[in-house]
Amino acid sequence: CIQSQLASLSHERDAAKLAEALRSSFHAAEEMGGLLALGLIPFLALYQEVSPEGITTFNRYKVFVRSLLKKAEPRSDAAILAAALAKALADVAFRVRRDANEA
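Residues numbered from 1 in each chain as written. Predicted model: local features only at pLDDT ≥ 70, side-chain atom pairs only at ≥ 80, totals over all residues. Heavy atoms only, no water.

(A) A look at the pattern of salt bridges. Enumeration over the complete set of coordinates arrives at three salt bridges. Taking the shortest distance from any N to any O, the salt bridge between E20 and R23 comes out at 2.8 Å. With a gap of three residues between them, E20 and R23 both fall in helix α2 (residues 15–32), about one helical turn apart. Judged by relative accessible area, R23 falls into the partly exposed class, the value being 31%. (Salt bridge = Lys/Arg side-chain N within 4 Å of Asp/Glu carboxyl O. Helix = DSSP H or I, 4+ residues; strand = E, 2+ residues; numbered from the N terminus. Buried < 20%, exposed > 50% of the residue type's maximum accessible area, 1.4 Å probe, protein only.)

Encoded structure:
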């Protein structure tokens, strides 16, 4: 439900309105449950474009995903999930920075 709301907002022209909608969506998802918010990772690129808070949120998610990668046993389901989340974060970083080395 939150993802579909954000997808419809991606065409919003008012950056302040879009930034507030993204902030409230990430906050609501995090309140409902930590892992639910991970499904919003693709929207972090847009969030970073319209608000400095998006960068802070991206960095918080990056720390969380790195900790998942470190804790996961090799070749486990947790490792596969953490790798997929890390790839999603790298895609966001590339979209925002256009620098493959930094992503």
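Text resumes after the structure shown.
(B) Molecular detail of the packing of aromatic side chains. In the structure shown here, the tally under the stated rule is two aromatic pairs. The interplanar angle of 15° and the centroid separation of 5.3 Å between the aromatic rings of F26 and Y47 together place this pair among those described as stacked. Residue F26 is found in helix α2, and its partner Y47 is found in helix α4 (residues 44–50); the two are separated by 21 residues along the sequence. As far as burial versus exposure is concerned, F26 and Y47 are alike and both buried. Both rings, one in F26 and one in Y61, keep their centres 5.9 Å apart while their planes meet at 75°; by these two values the pair is edge-to-face. Pair noted here: F26 is in helix α2 and Y61 is in helix α5 (residues 52–71), with a separation of 35 residues, a long-range link. Three or more aromatic residues link up through ring pairs in this structure, and these residues are F26, Y47 and Y61. (Phe/Tyr/Trp six-rings, centres within 6.5 Å; stacked < 30°, edge-to-face > 60°.)

(C) Focus on the packing of α2 against α5. Orientation of α2 relative to α5, taken along the N-to-C sense of each, is 30°, at an axis distance of 11 Å. Between α2 and α5, the angle is such that the two are roughly parallel. The element α2 and its partner α5 pack so that their crossing is left-handed. Counted together, R23, F26 and E30 of α2 and E53, T57, R60 and Y61 of α5 form the full contact between these two elements. A breakdown of the residues in the contact of α2 with α5 according to their chemical character gives two nonpolar, one polar and four charged. (Axes fitted to C-alpha atoms, helices over the stretch in contact; angles between N-to-C directions. Parallel < 35°, antiparallel > 145°, perpendicular 65-115°, else oblique. Left-handed = near helix turned anticlockwise from the far one by under 90°. Contact = heavy atoms within 4.5 Å. Nonpolar A, V, L, I, M, F, W, Y, C, P; charged D, E, K, R; others polar.)

Don't take any of this as a statement about function, it's just geometry.
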